[in-house]
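Remarks on the overall topology
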Amino acid sequence: MVVTGIILFVVAAGCLLLGILQILQKGPLINNAWIYADEEQRRTMNKTPHYHQSGIVFSMIGLQFLMLGFFCITKLYFFLAAEFIVIGLVVIFAIVSSVMIERKNKKEHTKTQE
């Protein structure tokens, strides 16, 4: 289980690094809105909120892997419970932030048409 914990720590470090890079808007945007957008949408898209959303999600996923690694090494169920809480928060944040970004984009699009 120690080897599994170490692997989980490496994955957590990778996710946290990716999250920090996304927040700093460095590297490619890893977000469904960007991936599924066509060329015209990509040209006009405000990428900042999507970078921010992706950064927070990847950081939270890194935290989840960190908690799972601690659980594997220590066998303390506190870390397992914390992992499940973080998973729930990731899902809730991803949904709520996507809805908020979409509403803001629609509001801005309506203002530009007036």
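Residues numbered from 1 in each chain as written. Predicted model: local features only at pLDDT ≥ 70, side-chain atom pairs only at ≥ 80, totals over all residues. Heavy atoms only, no water.

It is worth spelling out the overall build of the protein at this point. Looking only at helices and strands, the protein has five helices and zero strands in total. Secondary structure elements of the protein, listed N to C terminal, follow the sequence α-α-α-α-α. Computed over its C-alpha atoms, the radius of gyration of the protein comes to 17 Å, more than 25% above the 13 Å expected for a compact globule of 114 residues. Considered along the principal axes of its C-alpha atoms, the protein spans approximately 60 × 25 × 20 Å. Buried residues in the protein amount to 29% of all 114 residues. Considering only contacts within the protein whose residues lie at least 6 apart along the sequence, 66% involve residues at least 24 apart. Accessible surface, the protein: about 7700 Å² in total, of which carbon and sulfur atoms supply 71%. In the protein, the 10 positive side-chain charges and the 7 negative ones have mean positions that sit 6 Å from each other. (Helix = DSSP H or I, 4+ residues; strand = E, 2+ residues; numbered from the N terminus. Rg over C-alpha atoms; globule rule 2.2 N^0.38 Å. Buried < 20%, exposed > 50% of the residue type's maximum accessible area, 1.4 Å probe, protein only. Contact = heavy atoms within 4.5 Å. Areas by Shrake-Rupley, 256 points an atom, 1.4 Å probe, with all protein chains shown as cover. Lys, Arg positive; Asp, Glu negative; His and termini not counted. Charge placed at Lys NZ, Arg CZ, Asp CG, Glu CD.)

The next thing to look at is helix α4 (residues 48-74). In this model α4 runs 39 Å from its N-terminal to its C-terminal C-alpha over 27 residues, within 8% of the 39 Å that 1.5 Å per residue would give. Backbone geometry just after α4 places Lys75 at a positive phi near 60 degrees. (Expected span 1.5 Å × (residues − 1).)

This part is about the packing of aromatic side chains. By the definition in use, this model includes four aromatic pairs. Plain terms: the ring middles of Phe9 and Phe70 are 5.2 Å apart, the flat faces sit at 65 degrees to each other, and that makes the pair edge-to-face. Here the residue Phe9 occupies a position in helix α1 (residues 2-23), and Phe70 occupies one in helix α4, the gap between them amounting to 61 residues. Measuring from ring centre to ring centre gives 5.4 Å for Phe78 and Phe79, while their planes differ by 65 degrees; the resulting arrangement is edge-to-face. Overall, the relative accessible area of 17% leaves Phe79 in the buried class. Every member of this aromatic cluster is reached through a ring pair, and the members are Phe9, Phe70, Phe78 and Phe79. The ring of Trp34 has Arg42 sitting right over it, with the charged end atom 4.9 Å from the ring centre. (Phe/Tyr/Trp six-rings, centres within 6.5 Å; stacked < 30°, edge-to-face > 60°. Lys NZ or Arg CZ within 6 Å of the ring centre and 35° of its normal.)

Take empty space enclosed by the protein next. With the rule as written, the count across this model stands at one cavity of 30 Å³ or more. Its boundaries defined by the atoms lining it, the largest cavity holds a volume of some 30 Å³. In terms of lining residues, the largest cavity is bounded by Asn46, Pro49, Ile101, Lys104, Asn105 and Glu108. Among the elements that make up the lining of the largest cavity, the one with the highest residue count is helix α5 (residues 77-113) (four residues). (1 Å grid on protein atoms, 1.4 Å probe; cavity = no way out; pocket = protein on both sides within 12 Å on 5 of 7 lines; lining within 4 Å. Points joined across faces, edges and corners; volume = space filled by probe spheres on them.)

Next up on the list: the packing of α1 against α4. Between α1 and α4, the shortest axis-to-axis distance is 7 Å and the interhelical angle comes to 165 degrees. On the basis of their axis angle, the class for α1 and α4 is roughly antiparallel. Relative to α4, α1 is oriented so that their crossing is left-handed. Partitioning the contact of α1 with α4 into residue classes produces 21 nonpolar, nine polar and no charged. (Axes fitted to C-alpha atoms, helices over the stretch in contact; angles between N-to-C directions. Parallel < 35°, antiparallel > 145°, perpendicular 65-115°, else oblique. Left-handed = near helix turned anticlockwise from the far one by under 90°. Nonpolar A, V, L, I, M, F, W, Y, C, P; charged D, E, K, R; others polar.)

These results come straight from atomic positions and should not be treated as a statement about function.
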